[in-house]
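# Analysis of the macromolecular model
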Amino acid sequence: MHNKKPRPGAAPACARPLGILFAVTLALAACGGGGGAGNGGTESGASAPAPATSLPTTPLPEPVFEPPPTNAPVVLPAPVTAPVQAPPPALQLPWGVDLSNPGAPVAPVAATSSPTAGGNTASKAIDGSGSTRWESTATNNAWIQFDFGAKTPIGYLKLVWENAYGKEYALQTSDDGQNWYQLRYVIAGKGGVEEFFNLNANARYLRLQGVARGTQYGYSLYEVVFKSPGSDNSLPAMATSPVPFPPNGNGRQPLPAPANPLETIQFSLPDGTLVTRWGMVGRSRHARERGEDWNEIGYGLNETVDAAGQPRDKGPGAHLNFVANYFKNRTWGVEFIDNSKVAGVTRPRLVINHYFQQPQRGGGLGFVRNFSNPDVTGFGWMSPGDLLDDSTYTQGGQGIAACPVIPLPPQGALRNPTSGYNGVIGANGGCSWVFDQLPAYTDLRADANGVLVPTGPRIPSRALAVGDAFEFTSSFFSTRADMDALGDSGGFRYYTNELTYVVGEGLRPWYGVQPRLMNKPLPLETLQGGLGSISYDYADNPAFMFQQPHNHVGMKNMQRFVEGRRWLHTNLWTGEHNEAGNDRNDAGIGLQGPLFNQSTCVGCHINNGRGIAPSAINQRLDTMAVRVAAIDGNGQQVPHPHYGLAVQMNGRSVPGTSIDWGTGVRVVGFDTRNVTLADGTVVELRKPRVAFDGPTPPVYSLRSAQPMIGMGLLEAITDEEILSRARSTPDADGVKGTANFAYDPETGAVRVGRYGWKASKVSLRHQVASAALTDMSVTSPVYPNRECMAGPARCSAAHKLERGLGEEALQSITRYLGLLGVPAQRSVASGFPKGVAPLPYLDVKPTQVALGATVFANARCTSCHVSQMKTGKGTEFAEVRDQTIRPYTDLLLHDMGPDLADQLVEGQASGSMWRTPALWGIGYTQWVAGRNGTAGYLHDGRARTLTEAILWHGGEATASRQRFEALSTADREALLLFLGSL
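These figures come from a predicted structure and were not determined experimentally. (Residues numbered from 1 in each chain as written. Predicted model: local features only at pLDDT ≥ 70, side-chain atom pairs only at ≥ 80, totals over all residues. Heavy atoms only, no water.)

### A closer look at the overall build of the protein
A tally of helices and strands in the protein yields 13 helices and 42 strands. For 982 residues, the compact-globule formula gives about 30 Å, and the C-alpha radius of gyration of the protein, at 31 Å, lands near that figure. When burial is assessed residue by residue, the protein has 60% of its 982 residues classed as buried. Long-range pairs, those at least 24 residues apart, make up 73% of the contacts in the protein with a sequence separation of at least 6. When the accessible surface of the protein is split by element, carbon and sulfur atoms take 54% of a total near 35200 Å². (Helix = DSSP H or I, 4+ residues; strand = E, 2+ residues; numbered from the N terminus. Rg over C-alpha atoms; globule rule 2.2 N^0.38 Å. Buried < 20%, exposed > 50% of the residue type's maximum accessible area, 1.4 Å probe, protein only. Contact = heavy atoms within 4.5 Å. Areas by Shrake-Rupley, 256 points an atom, 1.4 Å probe, with all protein chains shown as cover.)

In structure tokens, the structure reads:
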């Protein structure tokens, strides 16, 4: 054991950059600590590193600081007090209007307006001249209206704006010029030429009512053009066919279970040697670097509080976001070979191998958190490991990547089972490491400020032992030339995940304890997503908590994960990534059809979380799914002839210009009522009312996007586990639970439904393909053409095959979702340093959280929100097999009563029946939403708080809701704290 190399990469605090890969001990010692940096070397009294050759003195290139992507907040309409009135049937086109011919021009007989400017009267907007114009005075609420002389069908409108345009305005219709009804509402007008198709109007008057101007001038229109409904401007009716569901579960077939996982992540050799493998991805910052510097009292700058000691927030860190081109040459594998449980071994050792996609400079590992040094806060390690060939380290200082690419090892076996390097069996070469002892340090005692500092007795170095937990991190440090050789012009220096390894066991999710957020394995009861649960986040990156892979994800699976993430963030019309700095995905260009809701998956699943809640009148609901149906002559629900299975609210012309096809759904008001709790607290419940720009379907259902986390774990739950909780008769509280069944859309097999608000999707693949079609108008091997929106009759490749997601892309997205991890429950207190403001989502109150868990169980909420389940072996991922998880769902349908009912039926799910949603991660809801608007709860996003969500529960949940209403203030607050910890 040489104990030669410190952890490279820790910077002097006064400089505040990330630091060079190779340790410059003198510079670090001269600078001192603080500011979130660490000394990166051996700690207080441990033998200093003594490299075999001199180290470079010129700093090497730093990683580019890549801040988290900033998404613009969702633009909501201007506030209004009065509800909006949708046109009654008398002002809409009657069903069956002849649309076989193109629309013909329709000329108003007159135009009038609010006061005008400069003699530019309303009549000039319909005089047929492109050189004259109507101009209003410079007021936001100006208007212009058109009189057709009699009730007239209108299918098309074109506005030709002068430079002074309307940024926000409404199109209204009336038969009497007094009572106005809203046809369309524009929130983000751009001026120029704006067209409106499929107006669905049958009235005498049409008016443009201004709300907000785009300039300081009044509204100014050169020309307004109208056409009658026709084949060129109105959507035709479709021939639809019912979507079949099995009448019951007879003939059910389980999901196919692969015999072997896609990748082995941990196994034991015959002698008991434990081999653990995982993948890493480049990160631009360390795990404890939040958006401000922080140090303990008396040991440097602390920007987490102001001069009065009050918390302040300078913004997030950047540990959990994804570096530019994260999917391209920026993942690698790590292998730990642990002999601690081999018979006769008294001094265990770990052999560490790396598997990079390009040559690397030697070194770059950290093994033990430098917990005893008060100057080490944001990052820093003791690093007592031994790099087997020191020359690979010193060559790195000369710009040489001396560590060659090593092919990935075979599954379930070592690459070098009987050989190695310099007598170290299993080592791949001189760039491998050995770690076999914990370093010496000086024991800690509290100083005058209560900060733990090294003033106690000397704690000597010792050999590793089974159960020892230590922090491990790696570095990616290639060279410009080696990246260029791969055709990659991006960065060549990154940090990565920081993990906790327990000797004899493997990787474990961690949290930070005193001193200085020292890593410690999280208790098993906090691991909602099993052993792959996401560790606590000390970098202030909560918006990214739903975007992380399992804590222990395979080497190749990490690359699969990032490739799938790329697809999820790809605009399926332009191919562009929604985060700056990422290469365009050319395979994603032009996949989207002419009608759609969003162009990326994350357009609805904000940061992989919930969709934007209905919160404002005139809000367009295109980040939600609106499922619709018509009733055929047999009383059976079928896809709607105008919309199909779901409303697709946005349109695009063939050249790619956005157009309004009249398929929007918007909020027109809210129905409210008050509930008074036992302690006198009054809670307002609010439910959105919506209107359709086109025909109102007889059956519709609003569906908010659900969080994507843990979907692979839910797929790994066996059918038997789900069915075991279904009851043929209700229990004493009226809780029953019913499994839904659906046909596999590719094989026709009867399977248990488990995804979607009504559990109508049988697999993750089914869910992905369905969402791609109905939400984004993108086809796939499951749904090969867009006529699948009208039902199964012509939904086959033999009928029509339209370009969309290929098999590889569909599989990539599905695998990404299968590997998304679940955050650990935040129910244990973190050891934040003295004087440092805790991150608000980690400011845990363990006693109240524990009480809340008891209250939750006593209210029998766990009758449906099952607190613990076990996954099986039925998926291709070892990461999700045989895991004890805490999803707080039973994946069954429950009748939730009339208040939550709509009329849409899916298989066994009537309009009032909903699948129990998983609660894991629910406490992160608003943190994940970030600046993108307020996320809502329940299927239609109506509940603004968890209290509201609970109070909407009825039907089988009535008794539990009543127990909640009767709680004392303290017990209710404890229950809500418990939910917030999930």
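### Re the packing of aromatic side chains
Aromatic ring pairs: the centre-centre distance and the angle between the two ring planes describe each pair. Evaluated as defined, the whole model comprises 38 aromatic pairs. Measuring from ring centre to ring centre gives 4.7 Å for phenylalanine 435 and phenylalanine 470, while their planes differ by 70 degrees; the resulting arrangement is edge-to-face. Placement of the pair is phenylalanine 435 in strand β17 (residues 433-435) and phenylalanine 470 in strand β22 (residues 469-474), with a sequence separation of 35 residues. Relative accessible area serves as the criterion here: at 0%, phenylalanine 435 is assigned to the buried category. A relative accessible area of 1% means that phenylalanine 470 is categorised as buried. Taken together, Trp278, Phe336, Phe367, Trp433, Phe435, Phe470, Phe472 and Tyr501 form an aromatic cluster joined through their ring pairs. Above the ring of tryptophan 180, the side-chain terminus of arginine 207 is found at 4.1 Å from the ring centroid. (Phe/Tyr/Trp six-rings, centres within 6.5 Å; stacked < 30°, edge-to-face > 60°. Lys NZ or Arg CZ within 6 Å of the ring centre and 35° of its normal.)

### Details of the sheet that holds strand β31 (residues 637-638)
What the three strands build is an open sheet, ordered β31-β30-β36; its pairing is antiparallel. Where the open sheet ends on each side, the last strands, each with one partner, are β31 and β36 (699-703). Relative to β31, strand β30 (residues 625-631) runs antiparallel, the two being bridged by two bridges. Each residue of the ladder has a partner; that of alanine 630, found in β31, is valine 638. (Pairing = 2+ DSSP bridges.)

### Considerations on the state of the cysteines
Per the counting criterion, the structure on display carries two disulfides. Disulfide partner of cysteine 788: cysteine 795, at an S-S distance of 2.0 Å. Between cysteine 788 and cysteine 795, the disulfide has an S-S torsion of 90 degrees and is therefore right-handed. Judged by relative accessible area, which is 4%, cysteine 788 ranks as buried. Of the cysteine sulfurs around cysteine 604, a residue in no disulfide, the closest is that of cysteine 601, at 8.8 Å. Here cysteine 864 stays unpaired: no disulfide links it, and the sulfur of cysteine 861, its closest cysteine neighbor, is 8.9 Å away. For cysteine 864, a relative accessible area of 12% translates into the label buried. (Disulfide = S-S within 2.5 Å.)

### Description of the environment of tryptophan 161
If you trace the backbone, tryptophan 161 turns up in strand β4 (residues 143-161). When the C-alpha positions of tryptophan 161 and serine 960 are compared, they lie 57 Å apart, and in sequence the two are 799 residues distant. With residues near it in sequence (within four places) discarded, tryptophan 161 still touches Gly166, Tyr169, Gly191, Gly192, Glu194, Leu208, Tyr219, Ser220, Leu221 and Tyr222. Engagement of the side chain of tryptophan 161 in a polar contact is seen with the side chain of glutamate 194, the distance being 2.8 Å. (Polar contact = N/O pair within 3.5 Å; in protein donor to acceptor, adjacent residues only side chain to side chain.)

### A closer look at the pattern of salt bridges
For the structure shown, the criterion picks out 46 salt bridges. Ionic pairing is found between arginine 508 and glutamate 505, a salt bridge with its closest N-O pair at 3.5 Å. Ionic contacts of the salt-bridge type, sharing partners, join the residues Arg184, Asp660, Arg666 and Asp693 into one network. (Salt bridge = Lys/Arg side-chain N within 4 Å of Asp/Glu carboxyl O.)

### A closer look at the packing of helix α4 (residues 555-568) against helix α8 (residues 807-819)
It is the contact of α4 with α8, at a shortest axis distance of 7 Å, that shows an interaxial angle of 110 degrees. The orientation of α4 relative to α8 falls into the category roughly perpendicular. The crossing of α4 and α8 is left-handed. Contacts from Asn557, Arg560, Phe561, Glu563, Gly564, Arg565, Trp567 and Leu568 in α4 reach Ala809, Ser812, Ile813, Arg815, Tyr816 and Leu819 in α8. (Axes fitted to C-alpha atoms, helices over the stretch in contact; angles between N-to-C directions. Parallel < 35°, antiparallel > 145°, perpendicular 65-115°, else oblique. Left-handed = near helix turned anticlockwise from the far one by under 90°.)

### Details of the pairing of strand β7 (residues 193-213)
Among the 21 residues of β7, 17 are classified as buried, and the element is accordingly described as predominantly covered. One ladder, built from 13 bridges, connects β4 with β7; its direction is antiparallel. Pairing of tryptophan 143 across the sheet is with glutamine 209, part of β7. Of the pairings in the sheet, the one linking strand β5 (residues 166-174) to β7 comprises eight bridges and is antiparallel in character. Looking at β7, one finds that glutamate 168 is bridged to alanine 212.

### Side note on the pairing of β36
The element β36 is extensively covered by neighbouring structure, given that four of its five residues are classed as buried. Across five bridges, β30 lies against β36 in antiparallel orientation. The residue of β36 that forms the bridge with arginine 627 is serine 701.

### Structural notes on the confidence of the model for the protein
Model confidence for the protein is summarised by a mean pLDDT of 91, while 92% of its residues fall at 70 or above. Confidence drops under pLDDT 50 across residues 1-59; counting only partners more than four residues distant or on other chains, this segment forms 169 contacts. (pLDDT = per-residue confidence, 0-100.)

### Description of the sheet that holds strand β10 (residues 274-281)
Ordered in space as β9-β10-β11-β12-β17-β14, the six strands form an open sheet in which the pairing is antiparallel. In the strand order of this sheet, the two ends are held by β9 (266-268) and β14 (386-387), each with one partner. Along the sheet face, α4 touches β10, β11 (331-338) and β12 (350-355) and points at about 25 degrees away from the line of β10.

### Re the environment of glycine 128
In this fold, glycine 128 is placed in the loop between β2 (110-113) and β3 (134-135). C-alpha separation for the pair glycine 128 and aspartate 293, spaced 165 residues apart in sequence, amounts to 64 Å.

### Observations regarding α8
Its 13 residues give α8 an end-to-end C-alpha distance of 18 Å, which sits within 8% of 18 Å, the value for a rise of 1.5 Å per residue. Of all 13 residues in α8, ten are buried; the element is thus mostly enclosed. Looking at α8, one finds that the buried residues are Ala809, Leu810, Ser812, Ile813, Thr814, Arg815, Tyr816, Leu817, Gly818 and Leu819. Against the buried residues of α8 lie α4, α5 (711-716) and α7 (764-776). (Expected span 1.5 Å × (residues − 1).)

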